[in-house]
Amino acid sequence: MSRWDELTGGTSGEDYAARFAALAASGKDMHGEARFCAALVPAGARVLDAGCGTGRVMIRLAELGYDCVGVDLDPSMLAVARKEAPELPWIQADLAEFDPAVVDMAADFDLVVAAGNIFPLLAAGTESAVVTRLAATLRPGGLMVAGFGLDEAHLPVPPGITLPEYDAYCAAAGLTFVDRFATWDADPYDDGGYAISVHRR
């Protein structure tokens, strides 16, 4: 069972969506992740949203002209995504086992994005497998972006992965480190409790 399942029971989709809707209604900018991704690859690029949740990031990227696919294991989160954007492809799958060929899909994504603490919320021990699976979906030269908390102030669960561990998993999967940031506004990483890492295949 993933740490996310332990935390939510896989039934928090509507509550999660409502929380972000309230933030948006309060005037908070909700599209930092999509802007960050759009600065890395041009419109029309193929994007895999790994751990897409309710689809907030992917729906915005699709609006900006990207060819997007969303994958998540939580049926309650995907139910919200499918209701919000039924025309987009939403796939229910475990990232540790995800194989695009199973759903008749080419493994030639220009960008994989894992926002929203995906890696710290995986089932313990599957982090390396998930990195390997996601790296395999990228075309040569494609980018993987992962943003996640590193301490309890930035996570709903105890920290489960360090940056050196994540970088090692990426290297083992054939990915090369490109850059690291502290925010989705691309502020330089300052050894703080949240990091956004960019690696290239």
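Scroll up a little and you will see the structure.
Since the structure is predicted, the reported quantities are computational estimates derived from the model, not experimental observations.

Asker: What is the right way to read the pattern of salt bridges from this model?
Answerer: Should their charged atoms come close, side chains of opposite charge can pair. All told, the structure shown has seven salt bridges when counted by the stated rule. Two residues, aspartate 185 and arginine 35, come together in a salt bridge whose shortest N-O distance is 3.3 Å. Here the residue aspartate 185 occupies a position in the loop between β6 (176-181) and β7 (194-200), and arginine 35 occupies one in helix α3 (residues 32-38), the gap between them amounting to 150 residues. We classify arginine 35 as partly exposed; its relative accessible area is 41%. Put simply, arginine 60 and glutamate 63 hold a salt bridge, and the shortest N to O gap is 3.2 Å. With arginine 60 and glutamate 63 both in helix α4 (residues 56-63) and three residues apart, this pair spans about one turn of that helix. Each of Arg46, Asp67 and Asp108 takes part in salt bridges that share partners, so that together they form one network.

Asker: I would appreciate a short explanation of the packing of helix α6 (residues 127-136) against helix α7 (residues 163-172) in the present structure.
Answerer: The axes of two packed helices give the description: the angle between them and the distance between them. At a minimum axis distance of 9 Å, the contact between α6 and α7 shows a crossing angle of 45 degrees. In terms of orientation, α6 lies oblique with respect to α7. In this structure, the crossing between α6 and α7 has a hand that is right-handed. Contact residues: Glu127, Ser128 and Val131 in α6; Tyr166, Tyr169 and Cys170 in α7. For the contact of α6 with α7, the class distribution of residues is four nonpolar, one polar and one charged.

Conventions we followed
Residues numbered from 1 in each chain as written. Predicted model: local features only at pLDDT ≥ 70, side-chain atom pairs only at ≥ 80, totals over all residues. Heavy atoms only, no water. Salt bridge = Lys/Arg side-chain N within 4 Å of Asp/Glu carboxyl O. Helix = DSSP H or I, 4+ residues; strand = E, 2+ residues; numbered from the N terminus. Buried < 20%, exposed > 50% of the residue type's maximum accessible area, 1.4 Å probe, protein only. Axes fitted to C-alpha atoms, helices over the stretch in contact; angles between N-to-C directions. Parallel < 35°, antiparallel > 145°, perpendicular 65-115°, else oblique. Left-handed = near helix turned anticlockwise from the far one by under 90°. Contact = heavy atoms within 4.5 Å. Nonpolar A, V, L, I, M, F, W, Y, C, P; charged D, E, K, R; others polar.

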